[in-house]
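Listed below are the residues making up each chain.
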Amino acid sequence: MSDETWGFAPPPFNAENALVELKRALRALQMSERSGGFEFEAKRALEFELKEGAIQVRLAKRLIRTPEFDAFTIRSGADQRKLLDEVKKRLSRWKDEE
């Protein structure tokens, strides 16, 4: 059903509050916050930046000293959930690779 049928729209996206929630969720996944990003097992795994009402995220493809990153832009709660799902998949893969 469309939003018009229900008579209300979802709340506007607040990037600052979403970033707080994202950080909390990443710490719950046992990642360590370090200078504008997160590490897993002392290797850079994720970097983030607030930009124009959205969160710009770079997620490592593999855990290595100088990783290549995939870029994500979070503009809604759905984008945030998709990113967390992707982080969980990669954490699982990184743990299996060791």
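Located above this text is the structure these notes cover.
The paragraphs below set out a description of the structure included in this document. (Residues numbered from 1 in each chain as written. Predicted model: local features only at pLDDT ≥ 70, side-chain atom pairs only at ≥ 80, totals over all residues. Heavy atoms only, no water.)

Here we come to the nonpolar core. By size, the foremost hydrophobic cluster in this structure holds 23 residues, and its most contacted members are Leu26, Met31, Leu46, Ile55, Val87 and Trp94. Beyond its immediate sequence surroundings of up to four residues, Met31 is in contact with Leu26, Phe38, Glu39, Phe40, Ala45, Val87 and Leu91. (Core = buried A, V, L, I, M, F, W, Y, C linked by side-chain atoms within 4.5 Å. Buried < 20%, exposed > 50% of the residue type's maximum accessible area, 1.4 Å probe, protein only. Contact = heavy atoms within 4.5 Å.)

Counting across every chain of the model gives one aromatic pair. Relative to Phe48, the ring of Phe38 lies with its centre 6.1 Å away and its plane at 40°, an arrangement referred to as tilted. Highlighted residues: Phe38 in strand β2 (residues 37-40) and Phe48 in strand β3 (residues 43-51), separated in sequence by ten residues. (Phe/Tyr/Trp six-rings, centres within 6.5 Å; stacked < 30°, edge-to-face > 60°. Helix = DSSP H or I, 4+ residues; strand = E, 2+ residues; numbered from the N terminus.)

Take the pairing of β2 next. Neither face of β2 is exposed, since Gly37 and Glu39 on one face and Phe38 and Phe40 on the opposite face are all buried. Bridge count for strand β1 (residues 32-34) against β2 is three bridges, and the pairing is antiparallel. Residue pairing across strands places Ser32 opposite Glu39, the latter belonging to β2. Between the end of β1 and the start of β2, which pair antiparallel, lie two residues, with Ser35 showing a positive phi angle near 30°. Where β2 lies against β3, four bridges are found, and the strand directions are antiparallel. Across the sheet, the residue bridging to Gly37 is Glu47, located in β3. Linking β2 back to β3 in an antiparallel pair, the connection comprises two residues, with Glu41 at a positive phi of about 55°. (Pairing = 2+ DSSP bridges.)

Of the pairings in the sheet, the one linking β3 to strand β4 (residues 54-60) comprises six bridges and is antiparallel in character. Looking at β4, one finds that Leu50 is bridged to Ile55.

Moving on, we get to helix α3 (residues 77-97). Given 3.6 residues per turn, any residue in an α-helix points the same way as the ones three and four places further on. With 21 residues, α3 ought to run about 30 Å at 1.5 Å a step, and its terminal C-alpha atoms sit 30 Å apart, in line with that. When α3 is considered as a whole, its buried residues turn out to be Gln80, Leu83, Leu84, Val87, Arg90, Leu91 and Trp94. Seen from one end, α3 has its buried residues packed into an arc of 130°, which puts them on one side. Set apart from the buried face of α3 by more than 90 degrees, the exposed residues are Arg81, Lys82, Lys89 and Asp96. Structurally, α3 contributes buried residues whose contacts are with α2 (15-28), β2, β3, β4 and β5 (69-74). (Expected span 1.5 Å × (residues − 1). Arc of directions from axis to C-beta.)

Our next topic: the packing of α2 against α3. Between α2 and α3, whose axes approach to 11 Å, the crossing angle comes to 20°. In terms of axis orientation, α2 runs roughly parallel to α3. Our pair here, α2 against α3, has a crossing hand that is right-handed. Across the interface between the two elements, Ala18, Glu21, Leu22, Ala25 and Leu26 from α2 touch Gln80, Leu83, Leu84 and Val87 from α3. Across the contact of α2 with α3, the residue classes tally to seven nonpolar, one polar and one charged. (Axes fitted to C-alpha atoms, helices over the stretch in contact; angles between N-to-C directions. Parallel < 35°, antiparallel > 145°, perpendicular 65-115°, else oblique. Left-handed = near helix turned anticlockwise from the far one by under 90°. Nonpolar A, V, L, I, M, F, W, Y, C, P; charged D, E, K, R; others polar.)

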